[in-house]
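# Structural overview for review
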Amino acid sequence: MAQAQGGSANSLLRSIASLDFPAISEETAMRYLHEMHFSYETVKWKLDSAALRARGVPSGPLWGKLQAGHDVTLDDGTTLAAADFRVSEVQRAVAVIGGDNDTPSLLSDACAEAQVLVHEATYTEAILQKVGPGPTHSSVQRVAQFATERGLPNLILTHFSARYDNPEGMAELEAEARQHYAGNLFLAQDFASYELDAAGVVRKFQAA
Ligand SMILES: [Zn+2]
């Protein structure tokens, strides 16, 4: 987030130092800088249909006006206030987009309400073991296991090593993901778009 707002690791560390937080390492701060959490809220208005029926208002155009927030006047001259007959329902979509991160559990709190995690899965676990911890990248297995533990319904894996840039390689990554994650899975492709719908389901976006 700080990165999205034009921050740097040092400015983040300075602002953390001025707060009452436990000290964190620069490495951790750098990691946080690469994690992004996006949320989007929409408010839907629902009518209290029982109350309207009790009040003797037949379903029809008047209901639509009330739902849209307009007060209405009945034939007998009484006015019904929209505020008395509609209730709000907040829908929240949360997407967490991580950068290079060899410890997906660091995103545990960020993912608390998330419907989708987009995370690098640079290697299979076997190759990650060979490469070692230097590049601070994750394996498919680590991310898939984290998504399962966290109950994330949608997972988009990305940022694959060039060694998998062929049909067999992609199949290998997908097989490892499937072994550890049973949710809605995507292996991201360059320039593809994905949308999270109001029901919390991710689909590959098809341009109209
Ligand atoms: Zn990377």
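Anyway, here's the lowdown on the structure attached to this text. (Residues numbered from 1 in each chain as written. Predicted model: local features only at pLDDT ≥ 70, side-chain atom pairs only at ≥ 80, totals over all residues.)

Ordered in space as β1-β4-β5-β6-β7, the five strands form an open sheet in which the pairing is mixed. At either end of the open sheet lies a strand with only one pairing partner, and these are β1 (36-47) and β7 (184-187). Looking at each pair of strands side by side, their axes are set apart by 15° on average, direction ignored. Bridging between strand β4 (residues 86-97) and strand β5 (residues 116-120) involves three bridges; their strand directions are parallel. For Ala 95, the partnering residue across the bridge sits in β5 and is Val 116. (Pairing = 2+ DSSP bridges. Helix = DSSP H or I, 4+ residues; strand = E, 2+ residues; numbered from the N terminus. Axes fitted to C-alpha atoms, helices over the stretch in contact; angles between N-to-C directions.)

On to the pairing of β1. Consecutive side chains along a regular strand alternate between the two faces of the sheet. With zero of twelve residues buried, β1 lies mostly on the surface of the structure. As paired elements, β1 and β4 share twelve bridges and run antiparallel to each other. The partner of Lys 46 across the bridge, within β4, is Val 87. (Buried ≥ 20, exposed ≤ 12 C-beta atoms within 10 Å, placed from the backbone.)

This part covers the pairing of β7. The pairing of strand β6 (residues 154-158) with β7 spans four bridges and is parallel. The residue bridging Ile 156 from the neighbouring strand is Phe 186, located in β7. On the question of chirality, the crossover connecting β6 to the parallel β7 by way of helix α8 (residues 167-180) is right-handed. (Right-handed = clockwise from strand over helix to strand, strands pointing away.)

With that settled, the discussion passes to unusual backbone geometry. In this structure, His 159 takes a positive phi of about 65° despite not being glycine. Tracing the backbone shows His 159 in the loop between β6 and α8. For His 159, a count of 15 C-beta atoms within 10 Å translates into the label partly exposed. Positive phi is not limited to glycine here, since Phe 191 has a value of about 70°.

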